[in-house]
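Examining the three-dimensional arrangement
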Amino acid sequence: APQPTEAQPAHAVTASPPPTAWYKSPAVAERLEVERRQLEQKYHVEPAVTPRGQVVFRLQPKSGYGKLVFYLSCGSGFPNRAPEAFISAGGKRYPLVSPGLNDWSVERQFVAVADELIEWTAWSLDQYVAAAEEALNRGDYREAADLLTVVLSINPRTPGAARLLARAQAPLRERELVG
């Protein structure tokens, strides 16, 4: 006669959090808390969790580029998997890149990556001006204005940016007056 096999208790099957709650596992939750505390020393930090389970830190430097707002986002697999970085303009995400993100390892800290991202973003302002000009040419004034606001927050003397921002804002002001 076959012998009954011992059943696994139900809680053993669900011991790890579901994929959308990956950030609730104790080791990851502790790491995210350490990252937040370190970021708060240099940045205004607003953490959030998206419906898809991404942990997103909205960051704004406390000094220097104080008007710049950018985001670090991490998902399941963090801290082994690198976070993503982006700025948001006109409802679109524009990825930010840096060697620290490309060479991510568990030992890296968000605050070091954030500092480096600001430097790299400052070096790539011409790309944002070009993207803003493209948005302006296709009539997406909000996206152009958002991008140019980012550019001018990093370097108020970026050639042509203030002029383009004025071109982008004029139609937006007209809509506000008419609306």
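Everything in this summary refers to the structure shown in the same document. (Residues numbered from 1 in each chain as written. Predicted model: local features only at pLDDT ≥ 70, side-chain atom pairs only at ≥ 80, totals over all residues. Heavy atoms only, no water.)

Some remarks on the overall build of the protein
- For the protein, the helix and strand inventory stands at 7 helices and 5 strands.
- The helix and strand sequence of the protein, counted from the amino end, reads α-α-β-β-β-β-β-α-α-α-α-α.
- Look at the contacts in the protein between residues 6 or more apart in sequence, and 45% of them connect residues 24 or more apart.
- Carbon and sulfur atoms form 52% of the exposed surface of the protein, whose accessible area is close to 10800 Å². (Helix = DSSP H or I, 4+ residues; strand = E, 2+ residues; numbered from the N terminus. Contact = heavy atoms within 4.5 Å. Areas by Shrake-Rupley, 256 points an atom, 1.4 Å probe, with all protein chains shown as cover.)

Some points on the nonpolar core
- In this structure, L32, L39, Y43, L59 and F70 are the most contacted members of the largest nonpolar core, which totals 48 residues.
- Top contributing element to this core by residue count: helix 6 (residues 141-154), with 8 residues.
- Leaving out residues up to four positions away in the same chain, Y43 has contacts with L59, Q60, P61, K62, F70, V111, A114, D115 and I118. (Core = buried A, V, L, I, M, F, W, Y, C linked by side-chain atoms within 4.5 Å. Buried < 20%, exposed > 50% of the residue type's maximum accessible area, 1.4 Å probe, protein only.)

Remarks on the pattern of salt bridges
- Per the stated rule, a full pass over the model turns up 9 salt bridges.
- Two residues, K92 and E143, come together in a salt bridge whose shortest N-O distance is 3.1 Å. Placement of the pair is K92 in strand 5 (residues 92-95) and E143 in helix 6, with a sequence separation of 51 residues.
- With relative accessibility at 36%, the residue K92 sits in the partly exposed group.
- Overlapping salt bridges, with partners in common, bring together E33, R36, R37 and E40 in one network. (Salt bridge = Lys/Arg side-chain N within 4 Å of Asp/Glu carboxyl O.)

Here's the deal with helix 4 (residues 110-123)
- The end-to-end C-alpha distance of helix 4 is 20 Å, a good match for the 20 Å that 14 residues give at a rise of 1.5 Å each.
- Listed in full, the buried residues belonging to helix 4 are F110, V111, V113, A114, E116, L117, I118 and T121. (Expected span 1.5 Å × (residues − 1).)

Treat this as a map of the structure, not an account of what it does.
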